[in-house]
Amino acid sequence: MENNVVENLDQWLSVEQIGALLTGALGHLQVWLSGPAFYAQIGLIIGAFLIAGFMARIARRFLAPDDQSGRWPQLRERLGPLWFWLFALPLLSAGVRISETQFGEAVLLQLVESLTFIRLMALTNRQFASSALARRFIAWVLLPIAVLYIFGLLAPVTSWLETVRFTSGNLSLSLYTVLRVLIFGTILFWLGRKSNDTGKQYIRQQEDLDVATREVFAKLFEIGLFVVIFILLLQVMGINLTTLAVFGGALGVGLGFGLQAIASNFISGVILLLDRSLTVGDYVELEDGKAGVIRALTMRSAILKTFDGKDVVVPNEKFVTDSFVNWTHDDIRQRYAIEFQVAYSTDLEPLLDTLKEVVAGHPQVLSGEDIPIEQQPDAEISGFGDSGVDILIEYWMEGIDDGRNRVDADLNMLIWKALKASNVEIPFPQREVRIIGGGLPTA
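Residues numbered from 1 in each chain as written. Predicted model: local features only at pLDDT ≥ 70, side-chain atom pairs only at ≥ 80, totals over all residues. Heavy atoms only, no water.

Student: Hey, could you go over the pairing of strand E3 (residues 283–286) for me, with residue numbers and the actual values?
Tutor: Note: E3 against strand E4 (residues 291–297), three bridges, orientation antiparallel. Within E4, the position partnered with glutamate 285 by the bridge is alanine 291. In terms of strand pairing, E3 meets strand E7 (residues 324–326) through three bridges, oriented antiparallel. Bridging across to E7, glutamate 285 finds its partner in valine 325. (Pairing = 2+ DSSP bridges. Helix = DSSP H or I, 4+ residues; strand = E, 2+ residues; numbered from the N terminus.)

Student: How would you sum up the confidence of the model for the chain? Please name residues and give values.
Tutor: This prediction gives the chain a mean pLDDT of 77; 79% of its residues lie at or above 70. Taken element by element, the predicted model of the chain shows its lowest mean pLDDT in helix H1 (residues 2–12) (48) and its highest in strand E9 (residues 378–384) (91). The model gives residues 4–10 a pLDDT under 50, and that stretch makes zero contacts with residues more than four places away or in other chains. (pLDDT = per-residue confidence, 0-100. Contact = heavy atoms within 4.5 Å.)

Student: Quick one: what's the story with the nonpolar core, residue by residue and with numbers?
Tutor: Core analysis: the largest hydrophobic core is formed by 23 residues, its most contacted members being Phe340, Val342, Leu355, Ile391, Ile393 and Tyr395. At the level of secondary structure, the elements contributing two or more residues to this core comprise strand E8 (333–342), helix H14 (348–360), strand E10 (389–398) and helix H15 (407–421). Contact partners of isoleucine 393, with chain neighbours within four places excluded, come to Tyr336, Ala337, Ile338, Phe340, Leu355, Val359, Asp378, Ala379 and Ile415. One finds Leu297, Met299, Val312 and Phe319 within the second-largest nonpolar core, a separate group that totals 13 residues. (Core = buried A, V, L, I, M, F, W, Y, C linked by side-chain atoms within 4.5 Å. Buried < 20%, exposed > 50% of the residue type's maximum accessible area, 1.4 Å probe, protein only.)

Student: Can you break down unusual backbone geometry residue by residue, with the values?
Tutor: The phi dihedral of asparagine 423 falls on the positive side, at around 55°, and the residue is not glycine. Mapped onto the elements of the fold, asparagine 423 is located in the segment after H15.

Student: Can you lay out the sheet that holds E3 for me, pointing to particular residues and giving the numbers?
Tutor: Taken in spatial order, the five strands of this open sheet run E6-E5-E4-E3-E7, and their pairing is antiparallel. Two strands close off the open sheet at either side, each with one partner strand: strand E6 (311–315) and E7. Shown here is a sheet whose adjacent strand axes are inclined to one another by a mean of 40°, direction ignored. (Axes fitted to C-alpha atoms, helices over the stretch in contact; angles between N-to-C directions.)

Student: Report on the packing of aromatic side chains, specifying residues and quantitative values.
Tutor: Under the counting rule described, the total for this entry stands at seven aromatic pairs. A centroid spacing of 5.9 Å and a plane angle of 20° characterise the contact between tryptophan 83 and phenylalanine 87, whose relative ring orientation is stacked. With tryptophan 83 and phenylalanine 87 both in helix H5 (residues 83–103) and four residues apart, this pair spans about one turn of that helix. An aromatic cluster of at least three residues, connected via ring pairs, comprises Phe49, Phe84 and Trp85. (Phe/Tyr/Trp six-rings, centres within 6.5 Å; stacked < 30°, edge-to-face > 60°.)

Student: Which residues make up the packing of H14 against H15, and what values go with them?
Tutor: Relative orientation of the contacting elements H14 and H15 amounts to 145°, with a least axis distance of 10 Å. At the point where H14 passes H15, the crossing takes the right-handed sense. Along its contact with H14, which presents Leu351, Thr354, Leu355, Val358 and Val359, the element H15 presents Leu411, Leu414, Ile415, Ala418 and Leu419. The residue inventory of the contact of H14 with H15, partitioned by class, reads nine nonpolar, one polar and no charged. (Left-handed = near helix turned anticlockwise from the far one by under 90°. Nonpolar A, V, L, I, M, F, W, Y, C, P; charged D, E, K, R; others polar.)

Student: Break down the pattern of salt bridges for me, with residues and values.
Tutor: On inspection of all chains with the given rule, the structure shows eight salt bridges. The closest approach of N and O atoms between lysine 290 and aspartate 288, which form a salt bridge, is 3.1 Å. We classify aspartate 288 as partly exposed; its relative accessible area is 43%. The partner of aspartate 311 in a salt bridge is arginine 295, with the nearest N and O atoms 3.1 Å apart. With aspartate 311 in strand E6 and arginine 295 in strand E4, this pair connects stretches of sequence that are 16 residues apart. Look at aspartate 311 and you get partly exposed, because its relative accessible area is 39%. What makes arginine 295 partly exposed here is its relative accessible area of 42%. Bridged by salt links that share partners, the residues Arg295, Lys305 and Asp311 form one connected network. (Salt bridge = Lys/Arg side-chain N within 4 Å of Asp/Glu carboxyl O.)

What follows is the structure, given as structure tokens:
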């Protein structure tokens, strides 16, 4: 086999020809290394690096604010290792133009410029990539593509990837198409997720709009953004948009059979956002007893945060088809009642006045001259029981009596102390037993 290789090489080039080529190449290299263009490029590179180092020093010193609060210190810390390369890159580009104008070539400068750009990309990835997955994607996908492009190898590699094809029946896909869809799909969905979070956060910060309107615009922004991403991904895949008519028909059949629940929840979510019957922050109670504060409204479900720390995911369709109680949608003021009994021997008039004062003294109970009479704390006789007089206490408060607003428990303790201070008895159940047809038994 070695003999065959040597024979083939002898057919292409002889040993003397190879030696002549190497001698000529070394001669040209020696002439280039001793020429003015080489030393001029060396000088331009050293000058660019010295100026970049000086400018980076100035940037680190004068762009540091006295106030260390906020996000600027974090940004300044991340930009610290990048200043030198940020200044060096445009200076090297200027050196390339000067060398090409004066000497007609700038090979060494172009090489150093390319290496500087690669170094800048690697440092930017390390300093600004938010997650390990993003850093790996940039390091193993985007950075090699940039290197191939800089050194002029991207077109040959792309052409070779087009020749590697996977065929199944009438479907034929090249390796280049598959890699292009994976790379651009990942970038598009990552950008979409980041843009979606940023856009919804910006919309929800607009205090000029009410909460429901903000949620409507946030969801419309989310839908529009992902529709645009979907169309862009179809373009990357090379799918003609006119074929979406056929795809739409197939999707309609799929919705009719297998995706009814998803479509129903999606449409119900749009209805809830438009009719504004629910909004983030409302306290709702369903027919099955589930209750909580709405923490988030998505296009598929609403997330209820209970006071014991649980998240309850409720499909949007349930709010459209079933009845529910929205405690705080239009008015966060709620009325609550406390019921108990006192003995028939109790002097009720002073007791009722005392109970009103006790309830009104709680800081979270609505009371005072600016509160309507129907929302003032009240204590009254609600009935006459078998064992005692039924007392009803009613009060209003802002919010739900649970979680941080545990008013009911506080009032029960205050009422208990008031009853003990007034020597008021809460009776036990009493029954009168009579024996018909005989006297009482004797010992």
